[in-house]
Each structure stands twice: as structure tokens, then as C-alpha cells.
Amino acid sequence: MRFGIVSDIHCNAAGLRKALGLMGDIDELICLGDSIWEYRFSNEVTDILKERGAHTILGNHEETFFGPLGERARARGDIDRDLAAWLETRPHRIALDCAGKRLLLVHSTPWEPRGDYVMPGSAQLERFAEADADIVLYGHTHRQMVKQVGRVLVVNPGSTGDGRDHHNGRQLSCAVLDTASDEVSIIDFPDPRHDA
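Student: Help me understand the sheet that holds strand β7 (residues 145-149), please; the structure alone is not making it clear to me.
Tutor: Note: strands within a sheet are paired through backbone hydrogen bonds, in either parallel or antiparallel orientation. Taken in spatial order, the 5 strands of this open sheet run β4-β5-β6-β8-β7, and their pairing is mixed. Each edge of the sheet is formed by a strand with only one pairing partner; in this case those strands are β4 (93-98) and β7. Neighbouring strand axes in the sheet, compared pairwise and without regard to direction, differ in orientation by 20° on average. One ladder, built from 6 bridges, connects β4 with strand β5 (residues 101-106); its direction is antiparallel. Note on β5: the bridge partner recorded for Ile94 is Leu105.

Student: What is the right way to read the packing of aromatic side chains from this model?
Tutor: Aromatic rings considered in pairs are described by the distance between their centres and by the relative angle of their planes. Counting across every chain of the model gives 4 aromatic pairs. Aromatic pair Phe65 and Phe66: ring centres 5.0 Å apart, planes at 90°, arrangement edge-to-face. The class for Phe65 is buried, based on a relative accessible area of 1%. The exposure class of Phe66 is buried, given its relative accessible area of 15%.

Student: What exactly am I supposed to notice about the sheet that holds strand β1 (residues 2-6) here?
Tutor: Spatial strand order, β3-β2-β1-β9-β10: 5 strands in an open sheet with mixed pairing. The open sheet is flanked by β3 (55-56) and β10 (183-189), the only strands paired with a single partner. Here strand β2 (residues 28-31) runs beside β3; their pairing, made up of 2 bridges, is parallel. Within β3, the residue paired with Cys31 across the bridge is Thr56.

The rules behind the values
Residues numbered from 1 in each chain as written. Predicted model: local features only at pLDDT ≥ 70, side-chain atom pairs only at ≥ 80, totals over all residues. Heavy atoms only, no water. Pairing = 2+ DSSP bridges. Helix = DSSP H or I, 4+ residues; strand = E, 2+ residues; numbered from the N terminus. Axes fitted to C-alpha atoms, helices over the stretch in contact; angles between N-to-C directions. Phe/Tyr/Trp six-rings, centres within 6.5 Å; stacked < 30°, edge-to-face > 60°. Buried < 20%, exposed > 50% of the residue type's maximum accessible area, 1.4 Å probe, protein only.

Structural data, given as C-alpha cells:
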């Protein structure tokens, strides 16, 4: 099974479309949260994820938007109510079984309370080995990483909409995971919104 993985799209529909083109032939799409940004909603991004049947989880930006502080933002007339309702009902985590391998999808951490920014060099990364999974996919940090932590393969695709990783020149990125081989390809690309 080939999974295309995106995260932290932050309303960047052009970045998401570019990632989908670069990932090539994938069996299923995964979005690791923060498809929207602060108090902004993207009908286009949400529609793409819904239409593709993407395994989509909530990130901290969705929590803010759909929480008490997002009431005014949700009242905007240009928001597609059906798409907003679909996104709001996504879970905070998803566990997938793929040919005997357990995948865990989280936005920030597999443990509670969630929300920590676990960077590639963080000592907290060792806690991912405690997850009841063979592969943990997470986002939140906008920093790409593929690392074996104990028996758990930990993958962060970076950000598909808001490049902040100086290790790849602050480009956008996505990933493709082949669960048969555990091979992960990280794909870097410039933000198409900045094309001349």
C-alpha cells in the first residue's frame, strides 16, 4: 500500500494540489491536521480532502476554529457549511491496520495531553517508541523527519502549505510511505503561490 501524506496545509490549496501531483500513484491519502489556518477556513482544501476520501485528523488550528474562540470566524457567509461540518467531525487520531502493520496518525504526539512540538532532535522523540503502532505519522512541527525509534518508524512529512523548515530551504513538502517495504520518500517543492 502506498500512502500519500500531507500535513499543515494551512489553507494552501495550491500547495496541496502540487503535492498530489508530485506524489504520483498513491492508494490512499492521509492528512495529519492543520488543513486550515487560525480563523480561516478553506472550502477548496477541505473539498479536496473530502473528495479524495483522505484519512483526515484534526490539528490545533481546527481545534481553535471549531472551539469557542472560533465562533465569529465560523459565522462567515463564504464558508461551505457541509464541508465545515465534515471537517469538524474528523477525529484527533486514527489507527489503521494495513496488511498486519499498525499505523497511528496523530497531529502532535501519541500521548496525552497532546500539543507538544517534538522536533527531530528532541529527547521527547523517544516516547514515540511507547506507541501501540509499527508506524507513527505526525505533523505539527513543520519539520520533516523519518526515524526509527525503538521498534516504531516515526514519520513527519513537514508542511504542505507553510514551509518553515530551514533544512530544506523552507520549501513545502509531503511524503509517500510504502507499507510493504517501510520505504518513505520525502518530496520537497517550492510554494506554487510564489511562482512568477
